[in-house]
Structures are given as C-alpha cells and as structure tokens.
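Residues per chain, in single letters:
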Amino acid sequence: MGEGTTIKVGEVELAYLAGFFDGEGTILLTRRSALRVAHRGARIYLCIKVANTNHDSLLRFQRVFGGNIYKMPKGKGVRLPAWDWSTVGGMAEKALSLLRPYLAVKARQADLAISFRKLQIALNETRLHRGGHEKYTEDELNQLYHIREVLYATRNGKGRKY
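Residues numbered from 1 in each chain as written. Predicted model: local features only at pLDDT ≥ 70, side-chain atom pairs only at ≥ 80, totals over all residues. Heavy atoms only, no water.

Enquirer: Pulling in residues and values, what's your account of helix H1 (residues 11-24)?
Expert: With 14 residues, H1 ought to run about 20 Å at 1.5 Å a step, and its terminal C-alpha atoms sit 20 Å apart, in line with that. When we look at burial in H1, the residues that qualify are Glu13, Leu14, Leu17, Ala18, Phe20, Phe21 and Asp22. Along its buried surface, H1 packs onto strand S1 (25-31), strand S2 (44-52), helix H3 (55-65) and helix H4 (89-99). (Helix = DSSP H or I, 4+ residues; strand = E, 2+ residues; numbered from the N terminus. Expected span 1.5 Å × (residues − 1). Buried < 20%, exposed > 50% of the residue type's maximum accessible area, 1.4 Å probe, protein only. Contact = heavy atoms within 4.5 Å.)

Set out below in structure tokens:
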C-alpha cells in the first residue's frame, strides 16, 4: 500500500483499532543509522508500532494501514509468541490521522507526530528549493528535535533521550 493510497475503513473498525493502539501501540520519532544518511545529514522519521501476542489483531492493522508484521524474538522464560506491526512515514501519518478522533491515551502524541510530519514535509520542500542535496540547517534540525522531545515528554511525564 503506497503513500498515495486512499484508505477506506468503517468507523467501528477505526474505533476498535484506536482502542487497541491506545493500549498496545507506540509512536516513535526515531533516528536512522548515521551510516545510512551520512550524505544527507541527520534524519528522523515517524514510525508507529503495535506489539502483541494476537497475530490476528495485527493483521487487522496491516489490512487497514499497510506496513509490516515481524515475529519478535523470544525473551527469557516462558512466553507466548509475539509479533510486531509497524509502518513509517506518510502511511504512519495517515494511520494516526484516521485513528486520532478515537484516541484517548495517545491523542497528544498523535497530534505531535502529525505536526512533525507536516513540518518535515515543509522543510523538505525548502531543501528542494535550495538544490535538494543539502543537509538540514541547524535551525531546521532543532525544530524537528524539539517536537521529538515534547512527544517523548508526554509519555508518563518523562522525557526520553535518544
């Protein structure tokens, strides 16, 4: 499912997925490996995930929003098999936009993640006008990292250093 794909899903299904995401999901603004982006400067991208032992529930997320499902490695002790569904970038933004009216716990995080994507797109347009291959300016990086810091601070009132 590409970023230009229109997602059609019912209100009940979105409400179910939003409740599931509120309890089991994660919204990340994560950095790519320095080796992968050395020629383009620091890169941050939006990623949303849901981890669970119920594979069928994750298939519902994949059917509606695309993305990938991976089997998670077993931890110590007796544990059920678990899977991780994730999607990134524009599809993650679309998923959050559709889930947003039904989110309670992660509503603020979703708002920040959507703001991050809009700013990222605007900054990328600016970079294109500068020739497209330049790194983000220090001010541009600070804007992106600021949203990231605020998003992580909304998790149980604690910030997260990456």
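Still to come is the rest of the account.
Enquirer: So what's going on with the pairing of S2? Residues and values would help.
Expert: Sheet analysis places S1 next to S2, joined by seven bridges and oriented antiparallel. In the sheet register, Leu29 faces S2, and the bridge partner there is Leu46. Relative to strand S4 (residues 83-88), S2 runs antiparallel, the two being bridged by six bridges. Residue pairing in the sheet places Asn52 in a bridge with Trp83 of S4. (Pairing = 2+ DSSP bridges.)

Enquirer: Help me get a handle on the pattern of salt bridges, residues and values and all.
Expert: Under the criterion given, the structure shown has five salt bridges. Ionic pairing is found between Glu13 and Arg63, a salt bridge with its closest N-O pair at 3.0 Å. Here the residue Glu13 occupies a position in helix H1, and Arg63 occupies one in helix H3, the gap between them amounting to 50 residues. Taking relative accessible area as the criterion, Glu13 reaches 13% and is therefore assigned buried. Across the pair Arg100 and Asp111 runs a salt bridge, and its minimum N-O distance is 2.6 Å. Pair noted here: Arg100 is in the loop between H4 and helix H5 (107-129) and Asp111 is in helix H5, with a separation of eleven residues, a long-range link. Taking the relative accessible area as the measure of exposure, Asp111 reaches 30% and is therefore partly exposed. Through salt bridges that share partners, Glu13, Arg60 and Arg63 make up one connected network. (Salt bridge = Lys/Arg side-chain N within 4 Å of Asp/Glu carboxyl O.)

In short, geometric facts, not functional conclusions.
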